[in-house]
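Listed below are the residues making up each chain.
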Amino acid sequence: MLEAALLPTPLVDCTDEAFARAGVELRLKRDDLLHPTVPGNKWRKLAPNLAAAMERGHTRLLTFGGAYSTHLRAVAAAAGALGLESVGLVRGEELADRPRNWSLRAAEAAGMRLEFLTRAAYREATGRAEGEDGAADPLRRWGPCLVLPEGGSNALAAVGAAAIPAELPDLGERDVVCCPVGTGGTLAGIAAGLPAGARALGVAVLRGGEGYLEEEVARLHRAAYGRGFDNWRIDHGHHGGGYGKVPAELAGFAERFERRHGVPLERRYVAKLLAALADLAAAGAFPRGTRLTAVVTGLPDPE
């Protein structure tokens, strides 16, 4: 049985001098506290997909991720709790014979079966994973299953993430709801769920995503809602050197923020988001009186 989620997640005012000097308010939407094993945006994106899997009678979930994928761990935990099988196709066949890192150990401990693919085979499999009938060999090999895309971002995931703005009271023209962007599902949902006047800002955590990520968010909007939205944008200037990169300056920012506010920061996504917002506020990117709501999408790594 999947443990109940904490909903709505806490909304915490965060008085911070760097933002106050710019005349900007900051508050934190603590989605990192949502669920102990399927935290943050992973739960919001997975919940409607899990409901669909159960409704359709699926007994197996198949998905994709890298060596430290939070998504793989979340799918493994959720599937195991619901009595479903789970398969994770992992990028990098060289990892098959190496000792498992803490992340892959956790996925296997929750019952996930891992298959390690070459990068070429991984690209082919993820490129064809558009539903239950993907044609790539690794998908055929595992038989009937519900295929979840890398990062869990599909139309149902966007609808799940759209619940975030509904938990934020009194949103209006001075509000910007912000999140990190890896695959675009959370940003797509937030933008779709906003009332008139409020805006969404995503901070890309991967390098070279200009254009591609915007196309992904627009695609998710069309798939989930049949139309586009014009109340969002993505900042591409604060990826820290690329996906998974945590330069010393970013690590220092995160440590100082944690000391000031007592909030543990996941480094690859959440710290990049908050550092970006601090930089943008200092540069005058937000009009005075703006209220920023930063969605804390996940937990720090245990190692």
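Below, the structure is looked at part by part. Nothing here was measured: the structure is a model prediction, and the numbers come from that model.

Thresholds, definitions, all that
- Residue indices follow the written sequence of each chain, beginning from 1 at its first position.
- The model is predicted, so local features are restricted to residues of pLDDT at least 70 and side-chain atom pairs to those at 80 or more, both for listing and for counting; the totals for chains, interfaces and linings are taken over all residues.
- With hydrogens and water set aside, each side-chain value is computed from the structure's full complement of heavy atoms.
- Runs of E in the DSSP output that reach at least two residues are strands. Runs of H or I that reach at least four are helices, and both are numbered from the N terminus.
- In this description the radius of gyration comes from C-alpha coordinates, and the expected globular size is given by 2.2 Å times residues to the power 0.38.
- The buried label goes to any residue with under 20% of its type's maximum accessible area, the exposed label to any with over 50%, and the partly exposed label to all in between, with areas taken from a 1.4 Å probe on protein chains only.
- A contact between two residues is defined here by any heavy atoms of the two lying within 4.5 Å.
- A 1.4 Å probe and the Shrake-Rupley method give the accessible areas. Residues count as covered only by the protein chains that appear here.
- Salt-bridge detection follows one rule: a side-chain nitrogen of Lys or Arg within 4 Å of a carboxyl oxygen of Asp or Glu.
- Angles shown run from 0 to 180 degrees and are taken between the N-to-C directions of axes, each axis being a line fitted to C-alpha atoms and, for helices, limited to the stretch in contact.
- Any angle that is under 35 degrees is reported as roughly parallel, and any over 145 degrees as roughly antiparallel; angles of 65 to 115 degrees are reported as roughly perpendicular and all others as oblique.
- Left-handed describes a crossing whose near helix is turned anticlockwise from the far helix through less than a right angle; right-handed describes the clockwise counterpart.
- Gly counts as polar in this scheme, as do all residues outside two lists: the nonpolar Ala, Val, Leu, Ile, Met, Phe, Trp, Tyr, Cys and Pro, and the charged Asp, Glu, Lys and Arg.
- When DSSP finds at least two bridges between two strands, those strands are taken to pair.
- Here, nonpolar core refers to any group of buried Ala, Val, Leu, Ile, Met, Phe, Trp, Tyr and Cys residues whose side-chain atoms link them within 4.5 Å.
- Note on aromatic contacts: the rings of Phe and Tyr and the six-membered ring of Trp form a pair at centre separations within 6.5 Å, being stacked when their planes are under 30 degrees apart, edge-to-face when over 60 apart, and tilted otherwise.

Observations concerning the overall build of the protein chain
When you go through the protein chain residue by residue, the secondary structure sums to 12 helices and 10 strands. A compact globule built from 303 residues would reach a C-alpha radius of gyration of about 19 Å, and the protein chain, at 19 Å, matches this within 12%. In terms of overall dimensions, the protein chain has C-alpha extents of about 55 × 40 × 35 Å along its principal axes. Looking at the protein chain residue by residue over its 303 residues, the buried ones come to 55%. Restricting to contacts in the protein chain with at least 6 residues of sequence separation, those with at least 24 account for 73%. For the protein chain, the accessible surface area stands at approximately 13200 Å², while carbon and sulfur atoms represent 51% of it.

Details of the pattern of salt bridges
Where charged atoms from two side chains of opposite charge approach closely, those side chains can pair. Within the structure shown, the criterion is met by 18 salt bridges. Put simply, Arg-60 and Glu-85 hold a salt bridge, and the shortest N to O gap is 3.2 Å. Taken together, the residues span a long stretch of sequence, with Arg-60 in strand E3 (residues 60-65) and Glu-85 in strand E4 (residues 85-91) at a distance of 25 residues. Judged by relative accessible area, Arg-60 falls into the buried class, the value being 16%. Look at Glu-85 and you get partly exposed, because its relative accessible area is 37%. Sharing partners across several salt bridges, the network here consists of Lys-29, Asp-31, Arg-44 and Glu-167.

Focus on the packing of helix H2 (residues 40-55) against helix H3 (residues 70-82)
The description of two helices packed together rests on the angle between their axes and the distance between the axes. Taken N-terminus to C-terminus, the directions of H2 and H3 make an angle of 40 degrees; their axes are 11 Å apart at the nearest point. In terms of orientation, H2 lies oblique with respect to H3. As H2 runs across H3, the sense of the crossing is right-handed. Contact with H2, carried on its side by Lys-42, Leu-46, Leu-50 and Met-54, involves Thr-70, His-71, Ala-74, Val-75, Ala-78 and Leu-82 of H3 and no other residues of that element. Among the residues making up the contact of H2 with H3, the classes are represented as seven nonpolar, two polar and one charged.

Structural notes on the sheet that holds strand E1 (residues 11-13)
Overall, mixed pairing links the six strands, which are arranged E1-E2-E10-E7-E8-E9 in an open sheet. On the outer flanks of this sheet lie E1 and strand E9 (232-235), each paired with one strand and no other. Across this sheet, the average inter-strand angle for adjacent strands is 25 degrees, counted without regard to direction. As paired elements, E1 and strand E2 (residues 25-29) share three bridges and run antiparallel to each other. Each bridged residue has a counterpart across the sheet, and for Asp-13 the counterpart in E2 is Arg-27.

Structural notes on the nonpolar core
Judged by nonpolar contacts, the single largest core of 30 residues is most densely connected at Leu-26, Leu-28, Leu-274, Leu-277 and Leu-292. Elements that contribute at least two residues to this core include exactly E2, strand E7 (175-181), strand E8 (199-204), helix H11 (248-261), helix H12 (267-282) and strand E10 (291-295). Take this core: its biggest share by element is 10 residues, from H12. Excluding its chain neighbours within four sequence positions, the residues that come into contact with Leu-28 are Pro-10, Leu-11, Val-12, Cys-14, Phe-257, Val-263, Leu-274, Ala-294 and Val-296. Within the second largest apolar cluster, 25 residues are counted, among which are Leu-34, Leu-50, Ala-53 and Val-75.

A closer look at the side chain of Asn-41
Turning to its location among the elements, Asn-41 is positioned in helix H2. The class of Asn-41 is buried, set by a relative accessible area of 13%. Beyond its immediate sequence surroundings of up to four residues, Asn-41 is in contact with Thr-186 and Thr-297.

Focus: the packing of aromatic side chains
If you walk through the whole model with that rule in mind, you get five aromatic pairs. Taken together, a centroid distance of 6.1 Å and an interplanar angle of 50 degrees make the contact between Tyr-68 and Trp-102 tilted. With Tyr-68 in the loop between E3 and H3 and Trp-102 in helix H4 (residues 102-109), the pair connects residues that are 34 residues apart, well separated along the chain. Judged by its relative accessible area of 41%, Tyr-68 falls in the partly exposed class. Pairing Tyr-243 with Tyr-269 gives two aromatic rings, centres 6.0 Å apart and planes at 75 degrees, and the pair type is edge-to-face.

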